[in-house]
Amino acid sequence: MTDTLIPEIDESKAAIERLGLRTQAFIDGEFHDAISGRRYMTENPATGQPIAEIAEGGPADVDAAVAAARRAADDGRWSRLSPGDRKRILVRWADLIEGDARELGLIETIDSGKPITDTIGLDMPETAGCIRWHAEAADKLYGQVAPSPEGTVATITREPVGVVGAVIPWNYPAQMAAWKLGPALATGNTVVIKPASTTSLSLLRIAELGSEAGLPDGVLNVVTGPGDVVGEAIGRHPDIDCLTFTGSTEVGRRFLHYAADTNLKRVLLELGGKSPQLVFDDVTDLEGIAANVAVAIFWNMGENCSAGSRLIVHRSVKDRLLEAVRAELRNWPVGDPLDPATRIGALVSRGHMEKVLRYVRIGREEGARVVTGGERILEETGGWFVPPTIFDGVRNDMTIAREEIFGPVLSVIEFDTEAEAIALANDTPYGLAASLYTDNLNVAHRVARALRAGVVGVNAYSEGDMTTPFGGYKLSGFGGHDKSVHAHDQYTETKTTWIQLRSG
Ligand code: NAD
């Protein structure tokens, strides 16, 4: 997949310039410097080297973007297009993203440290696929006629909320944007979106492709800059009607304050997780389970909201399973994210790597035992690399079992009975995802029902696909769900129209 692109890549300035990076805010169909003129540097996490300077937006840039989005919402240039026309433009956009998957994947990899095989092979096709899926739904969403009394007609219709403010994280920069933009735009809203300041480059190029596809000016606006400035200005803006946020629980809480303190805008929160993977004693395919366990915690360097960071395993199979996971890790080379063989690239920033290593230190201090990994590696590259790290002997009350690490760190916890496994799995402030492995149908159904999580994989580590909603319980968020037709509800108002008929 990456064979023809990779040999052209080097990290020289010229190679980066050939990518034609977009580094300004995208407002009302055009790229602009920040009104203050300020810029900040984004760097390559695999080398620590600078890539490009990006416009450092502030409240004035958010005002300009919201004004453009408001004009576009109010004059109906998007919401009043026929759903079929909206669909055609969004499908064209998805096609352009897919067509540029190599270039976009390369941009994503140098900006985020994610392996190139993932960014080109998964992130970009899934970004395009998400936008296409919602686009295809745009002209298939029906209203309802209520069973109202004789002499009346009552319709229940859906209307766009208006201007949506979106703030997204750095772990899947393009995909998280698509999870918001697909349903918000398909249902006729206009959007002001802020990418994470460390990973803004792919979204800026994707926004440009949106214009090429025919998105009218002002419908999609991207403001780059720091979260506590640009994110807060979006959160507090009185002319934004709905906030959709994906990120940490800590910052998610702030969005509730922003809305409560201003215009009570609708708030949709997709937050953190500490997801369990349960393995029962009847399982037979330990190699297959080990492969899933590794994907669940080490894919995307563990920088994954639904990462299965707690392996809750029956005491009688634990040693054999751990052996199988360690054997599986031979298939997970850590290294240069531009190398197609790499499965684990660099963590997103020095600060994040230090946070992950701090948790590893705390795990050791609290008495858990490192089975593999646990130290920074490849320091000579200048990048931020931590190999797969497994802690055995973890108790569920240890810090590493309670707090989201968001790195390649697995905590192994033993259990003896089904009831104990369920209690351990649910003993967490989070409730985003869970997976369970058993060959017993009764255990599968009983435990899947008992788990307090928004997505449960049975004999799978899976978030489902675009047809299934994604979102969490408890501190993992609320207000709506990403993906599937359920995502459309959160970006629409429900209108009742009650019509009294005159008697004939
Ligand atoms: P984060 O909360 O630090 O940042 C998320 C976004 O919020 C960024 O764009 C950031 O700039 C912005 N932000 C930061 N401070 C802000 C403030 N004071 N006001 C407004 N905006 C602010 O999260 P992150 O480190 O970028 O991403 C990791 C987190 O995201 C993890 O907790 C992970 O679980 C979560 N996540 C959740 C999902 C999901 O679907 N539930 C998906 C991906 C990531």
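All figures in this text were calculated on a predicted structure; none of them were measured in a lab.

(A) Summary view of the sheet that holds strand S21 (residues 492-500). Strand order in the open sheet formed by three strands is S5-S6-S21, and the pairing between neighbours is antiparallel. Because the sheet does not close on itself, it has two edges, and the strands there are strand S5 (144-145) and S21. Note: S5 against strand S6 (residues 152-160), two bridges, orientation antiparallel. By the bridge assignment for S6, Gln144 is matched with Ile156.

(B) Spotlight on the sheet that holds strand S15 (residues 389-392). Read from one edge to the other, the open sheet built from seven strands follows the order S14-S15-S16-S13-S12-S18-S19, with strand pairing classed as mixed. The open sheet is flanked by strand S14 (369-372) and strand S19 (455-458), the only strands paired with a single partner. The average angle at which neighbouring strand axes cross in this sheet is 25 degrees, direction not considered. Pairing between S14 and S15: three bridges, direction antiparallel. Looking at S15, one finds that Thr372 is bridged to Ile390. Taken strand by strand, helix H14 (residues 418-426) contacts strand S12 (276-279), strand S13 (310-314) and strand S16 (409-415), and its axis lies near 150 degrees from that of S16.

(C) Helix H11 (residues 318-328), seen in detail. Here H11 has its buried residues at Lys318, Leu321, Leu322, Ala324, Val325 and Glu328. Along the axis of H11, the buried positions cluster into a sector of 160 degrees, meaning they face one direction only. Those residues of H11 that are exposed and angled more than 90 degrees off the buried face are Asp319, Arg320 and Glu323. The inward-facing, buried residues of H11 abut S12, helix H10 (286-298), S13, S15 and S16.

(D) Spotlight on the site of the ligand. Surveying the vicinity of the ligand reveals 29 residues, the closest of which are Ile168, Ser248, Tyr258, Leu271 and Glu404. Note that an oxygen atom of the ligand is positioned 2.7 Å from one of the backbone N or O atoms of Ile168. Taking Lys194, its side chain carries an N or O atom lying 2.9 Å from an oxygen atom of the ligand. Within the residue set of the shell around the ligand, elements represented by two or more residues are helix H8 (227-236), strand S10 (242-246) and helix H9 (249-261). Residues belonging to the shell around the ligand are distributed by class as follows: 16 nonpolar, seven polar and six charged.

(E) View of the packing of helix H3 (residues 83-99) against helix H7 (residues 201-213). Look at H3 against H7: their axes get within 8 Å of each other, and the N-to-C directions meet at 130 degrees. As judged from the angle between their axes, H3 and H7 are oblique. Like other packed secondary-structure pairs, H3 and H7 cross with a definite hand, here right-handed. Residue-level contacts link Ile89, Arg92, Trp93, Leu96 and Ile97 of H3 to Ile206, Leu209, Gly210, Glu212 and Ala213 of H7. Looking at the contact of H3 with H7, its residues break down into seven nonpolar, one polar and two charged.

(F) Representation of the pairing of S10 within the structure. Along S10, five of the five residues are buried, which leaves the element largely enclosed by surrounding structure. With burial as the criterion, each face of S10 is covered, one bearing Cys242, Thr244 and Thr246 and the other bearing Leu243 and Phe245. Here four bridges tie strand S7 (residues 163-167) to S10, and the two strands are oriented parallel to one another. Bridge assignment links Val167 to a residue of S10, and that residue is Phe245. One ladder, built from five bridges, connects S10 with strand S11 (residues 266-270); its direction is parallel. Of the residues in S11, the one forming a bridge with Thr246 is Glu270. Since S10 and S11 lie parallel, the crossover through H9 that links them has a hand, and here it is right-handed.

The rules we used
- Residues numbered from 1 in each chain as written.
- Predicted model: local features only at pLDDT ≥ 70, side-chain atom pairs only at ≥ 80, totals over all residues.
- Heavy atoms only, no water.
- Pairing = 2+ DSSP bridges.
- Helix = DSSP H or I, 4+ residues; strand = E, 2+ residues; numbered from the N terminus.
- Axes fitted to C-alpha atoms, helices over the stretch in contact; angles between N-to-C directions.
- Contact = heavy atoms within 4.5 Å.
- Buried < 20%, exposed > 50% of the residue type's maximum accessible area, 1.4 Å probe, protein only.
- Arc of directions from axis to C-beta.
- Near = heavy atom within 4 Å.
- Polar contact = N/O pair within 3.5 Å; in protein donor to acceptor, adjacent residues only side chain to side chain.
- Nonpolar A, V, L, I, M, F, W, Y, C, P; charged D, E, K, R; others polar.
- Parallel < 35°, antiparallel > 145°, perpendicular 65-115°, else oblique.
- Left-handed = near helix turned anticlockwise from the far one by under 90°.
- Right-handed = clockwise from strand over helix to strand, strands pointing away.

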